[in-house]
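If you want the building blocks of each chain, they are given just below.
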Amino acid sequence: MVATIAFGMGIDKSNVRFVAHLDLPKSIEGYYQETGRAGRDGLHADAWMTYGMADVVMLRQMVDGSDAGEERKRLERQKLDALLGFCESTRCRRQTLLEYFGEQRATACGNCDNCLDAPQTWDGTRAAQMALSCVYRTGQRFGVVHLVDVLLGKTTERVQQFGHDRLPTFAIGGELSDLQWRGVFRQLTAMGFLSVDLEGFGLKLTSTSKPVLKGTQTVTLRAQAAQKTKKARRDPAARRVEPNNIPPQDDALWQALRETRLRIAREQGVPPYVIFHDATLQTMISQRPQNLNEFATISGVGARKLEKYGDAFLGVLMAHG
């Protein structure tokens, strides 16, 4: 299913397993809501996003060109900066999200990409100095593509037009690839060393970049894909619950529970997950409650649902031994 944000937010489907963002959302709030379309049945789901500096420039342009007041624009810029920082973070995603919303989690989630495949970091101080110097020497009015061309020594028509092939920063960045330099600029922006010039849509230095250029501050960067060694995909056993992970001998019971749920949902005119999530049905199978008191201890079974549905589902469980 491919959907715009407006349509996607209205999807009333519990078992969405995967949400992909092909563009950067406007804020962490937006990202959180949009990824929340997945896994509403309590089972494992994945969220994936691809983005680049072009997204940041476009969204900043949208904010700057809006009719909102300056205070509102400042808030929207801060939200976008927070999202970019979240994207480039090396910490547990869950901890970062909760902290943004004022909550604390003492331990890492063990389920996000940063937890399952801890990002490698490297001393990027020298690379940061080259990148910042290139921004300064080219006049603080060019985008990432042109800046990377200068650092890699590409004699493009634009590089020659502005005489940037004669700059001291021309061709000094051969140690890194195009992809890696893009990551450097993206992270320097996320860290606040660079900002987007909304008039020329190029990058410019901020006051915090001076210590880096002077060599009095070090910069630790996240390694890009081309720098990392490939690792095996996540072990399925590490996932909390696999969708429909039902032993063959329990398949008949699983289908009977789902049919009961579907029948009740149709009678009430509601989606099946409103009755019970798949995760709750799986717990019924694994715990096999023998009476209503035991049934009440299952996660997802509250007092109201126990009263309304307890006898029906307990009857199915008892009928299957």
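Structure's up top.
Small disclaimer: the values here were computed from a predicted structure and weren't measured.

A word on the overall build of the protein chain
Moving on, step 1. Secondary structure assignment for the protein chain yields 16 helices and 6 strands.
Moving on, step 2. Taken over 321 residues, the protein chain has a buried fraction of 41%.
Moving on, step 3. When contacts within the protein chain are restricted to residue pairs at least 6 apart in sequence, those whose partners lie at least 24 apart make up 65%.
Moving on, step 4. Accessible area of the protein chain: about 17700 Å², with a carbon and sulfur share of 50%.

Focus on the packing of aromatic side chains
Moving on, step 1. Counting across every chain of the model gives 8 aromatic pairs.
Moving on, step 2. Centroid distance Tyr32 to Phe101: 5.4 Å. Interplanar angle 50 degrees. Geometry classified as tilted. Residue Tyr32 is found in helix H2 (residues 28-35), and its partner Phe101 is found in the loop between helix H5 (93-100) and helix H6 (113-116); the two are separated by 69 residues along the sequence.
Moving on, step 3. Judged by its relative accessible area of 39%, Tyr32 is partly exposed.
Moving on, step 4. On the basis of relative accessible area, Phe101 is assigned to the partly exposed category, the value being 37%.
Moving on, step 5. Linked through ring pairs, Phe276, Phe295, Tyr309 and Phe313 together constitute an aromatic cluster.

A few points about helix H12 (residues 251-268)
Moving on, step 1. For H12, which comprises 18 residues, the first-to-last C-alpha distance of 26 Å matches the rise-based estimate of 26 Å (1.5 Å per residue) to within 8%.
Moving on, step 2. For H12, the set of buried residues is Leu253, Trp254, Ala256, Leu257, Thr260, Arg261, Ile264 and Ala265.
Moving on, step 3. On its buried face, H12 is in contact with helix H13 (272-275), helix H14 (278-287) and helix H16 (303-319).
Moving on, step 4. A positive phi of about 70 degrees marks Gly269, the residue just after H12.

Considerations on empty space enclosed by the protein
Moving on, step 1. Per the counting criterion, the structure on display carries 1 cavity of 30 Å³ or more.
Moving on, step 2. Roughly 30 Å³ of internal volume is contained in the largest cavity.
Moving on, step 3. For the largest cavity, the full set of lining residues is Arg288, Pro289, Gln290, Leu317, Met318 and Gly321.
Moving on, step 4. Each residue belonging to the lining of the largest cavity can be placed in one class, and the counts come to 3 nonpolar, 2 polar and 1 charged.

With respect to helix H10 (residues 178-190)
Moving on, step 1. Helix length check: H10 (13 residues) gives 19 Å between terminal C-alpha atoms against 18 Å at 1.5 Å per residue, within 8%.
Moving on, step 2. Turning to H10, its buried residues number three or more, namely Gln180, Trp181, Gly183, Val184, Phe185, Arg186, Gln187, Leu188 and Thr189.
Moving on, step 3. One or two steps after H10, the chain reaches Gly192, where phi turns positive at roughly 90 degrees.

Brief notes about the packing of H2 against helix H4 (residues 70-88)
Moving on, step 1. Look at H2 against H4: their axes get within 8 Å of each other, and the N-to-C directions meet at 60 degrees. Between H2 and H4, the angle falls in the class oblique. Contacts between H2 and H4 involve Ile28, Glu29 and Tyr31 from the first element and Lys79, Ala82, Leu83 and Phe86 from the second.
Moving on, step 2. In terms of residue class, the contact of H2 with H4 is made up of 5 nonpolar, no polar and 2 charged.

About the criteria used
Residues numbered from 1 in each chain as written. Predicted model: local features only at pLDDT ≥ 70, side-chain atom pairs only at ≥ 80, totals over all residues. Heavy atoms only, no water. Helix = DSSP H or I, 4+ residues; strand = E, 2+ residues; numbered from the N terminus. Buried < 20%, exposed > 50% of the residue type's maximum accessible area, 1.4 Å probe, protein only. Contact = heavy atoms within 4.5 Å. Areas by Shrake-Rupley, 256 points an atom, 1.4 Å probe, with all protein chains shown as cover. Phe/Tyr/Trp six-rings, centres within 6.5 Å; stacked < 30°, edge-to-face > 60°. Expected span 1.5 Å × (residues − 1). 1 Å grid on protein atoms, 1.4 Å probe; cavity = no way out; pocket = protein on both sides within 12 Å on 5 of 7 lines; lining within 4 Å. Points joined across faces, edges and corners; volume = space filled by probe spheres on them. Nonpolar A, V, L, I, M, F, W, Y, C, P; charged D, E, K, R; others polar. Axes fitted to C-alpha atoms, helices over the stretch in contact; angles between N-to-C directions. Parallel < 35°, antiparallel > 145°, perpendicular 65-115°, else oblique.

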